[in-house]
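Coordinates in review
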Amino acid sequence: MNQGLETVKRFLCALTCLITLMGFHAFATPQVITKTPASLLGDASRQNVFVLTGDADEAYHRLLIAPEQGGSEEILLDTSTALPLIKSQYSSDLVDGFSVRVLKGRPGALKVIDPQGEEVLVKQRLVEAGDYIALVTNEEDNGVYNFNLLFAFNKSAKQFELKSVLQVNNSDSCDRSILSVVELPAGAVSPANLASFDGHEALQQLRLVQVAMPLSSQRKLMTVDAADFLDMALAAYRKGDSRAFKDAMGYVLMDGGLDDVCDPKSYIVKKYYYPQSPGWSNDLGFLLGEAGYYPESIELLNAVIANNPNRTVAYLNIADSYWAMNDKARAVEAYKQYASRMSVSGKASKIPARVVERSVD
């Protein structure tokens, strides 16, 4: 135990000397809050990401990114403006600000942090392999949404540049799980490099841009879990494996437990309607109906049709779910819409027999 304490003391002493030699303000009693290994240069090099604190009355934490081994000339970042400690607008006992995470990127997918502190993998085709610095908003009175600001190191410019601003939304009821990850405009936060980033100013900017865009114009990123669940469900459905199919579809539903039933209207569209992939949402709506989750199916397919009125097959899918719910009036209306659109497009011969049988008023 004594040997471990001596190692920590030696590290703190060396760190204080390093910051002093670089000409920066040195903490009187520097303390390491977190130390995270990272590989931020896109090669085999390794760095440590430190969050430091000094005196108790200082209204910030210090962010330092240094090589695992090397001299002061190799310091990648040293800033005290990125991590302010801001008294909450609701209580002086609460503190808002940013936490720092190192996220692993891989081609086509990216990790984000949800308001519960859980890592979530989302599909993002422009992501490169390598580590990212994420500044994640932390508002102690807000467990419903947060913002992830993702920075990657530009070796030619020798600075960390802001690559993406994401709003991550969780349910405010039921199981509190993730609902959506929405990409905000690139100019939502300025400046766009971490060295001059001011967390206090950025938090004010973010609070003003809480995704006021209509759902149809949002760039919503699909979670890898959602994509995988649909693939599993489709595979089981096509094989006729009803048990595997039902199990896979069960993962789609938000279950708050016996005493907290999740109303489909509270989450289905927010979680599973993707404006850029209406075909994916239609397929999920169809499978929800095939699995017997008719209210969920109807809720999702209504969103598909409202935003994509020319998606003909969605009318058939929602009609089948209405019919199963014994809502004959809405079912007949949707069947007629489907049949009319199929006829206009020259596909009348492909209309299923049940459509004609059930369309009789």
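In every chain, residue numbers begin from 1 and rise along the written sequence. Where totals are concerned, whole chains, interfaces and linings use all residues; where local detail is concerned, this predicted model gives features only for residues with pLDDT of at least 70, and gives and counts side-chain atom pairs only at 80 or more. Water and hydrogen atoms play no part in the side-chain values, which are based on all heavy atoms of the structure.

**So, the pairing of strand E10 (residues 145-154)**
Partly exposed describes any residue whose relative accessible area lies between the buried limit of under 20% and the exposed limit of over 50%, with all areas from a 1.4 Å probe on protein chains only and scaled to the type maximum. Counting from the N terminus, the helices are DSSP H or I runs at least four residues long and the strands are E runs at least two residues long. For E10, a buried count of nine out of ten residues is recorded, marking the element as mostly surrounded by other parts of the structure. Here strand E9 (residues 130-138) folds back onto E10 in antiparallel fashion, the turn holding six residues. We treat two strands as partners when DSSP finds at least two bridges between them. Taken together, the ten bridges between E10 and strand E11 (residues 159-170) define a ladder with antiparallel strand orientation. Bridge pairing links Ala 152 to Glu 161 in E11. Here E10 folds back onto E11 in antiparallel fashion, the turn holding four residues, of which Lys 158 has a positive phi close to 55°.

**Comments concerning the confidence of the model for the protein chain**
Mean pLDDT over the protein chain works out to 84, with 82% of the residues at or above the 70 mark. Confidence of the predictor at the level of single residues is captured by pLDDT, which takes values from 0 to 100. Per-element mean pLDDT across the protein chain ranges from 48 in helix H1 (residues 2-21) up to 98 in helix H8 (residues 312-324). Here, two residues are considered to be in contact whenever any of their heavy atoms come within 4.5 Å of each other. Across residues 1-9, where pLDDT falls below 50, the model places zero contacts with residues more than four positions away in sequence or in other chains. Taken together, the stretch residues 19-28 has pLDDT below 50 and engages in 23 contacts with residues farther than four places along the chain or on a different chain.

**Here we look at the environment of Gln 31**
Tracing the backbone shows Gln 31 in strand E1 (residues 31-38). Judged by relative accessible area, which is 44%, Gln 31 ranks as partly exposed.

**Points about the nonpolar core**
Residues belong to a common nonpolar core when they are buried Ala, Val, Leu, Ile, Met, Phe, Trp, Tyr or Cys residues joined through side-chain atoms within 4.5 Å. If you look at the biggest cluster of nonpolar residues, it comprises 47 residues, and the most contacted ones within it are Met 249, Tyr 272, Trp 280 and Leu 284. When residues of this core are traced back to their parent elements, those giving at least two are helix H3 (224-239), helix H4 (242-250), helix H5 (268-272), helix H6 (278-290), helix H7 (294-307), H8 and helix H9 (328-344). Looking at this core, the element that brings in the most residues is H3, giving seven residues. Trp 280 has contacts with Met 222, Ala 226, Ala 227, Leu 230, Tyr 272 and Tyr 274, leaving out every residue within four places of it along the chain. Listed in part, the 32 residues of the second largest apolar core include Leu 77, Ala 82, Phe 98 and Leu 206.

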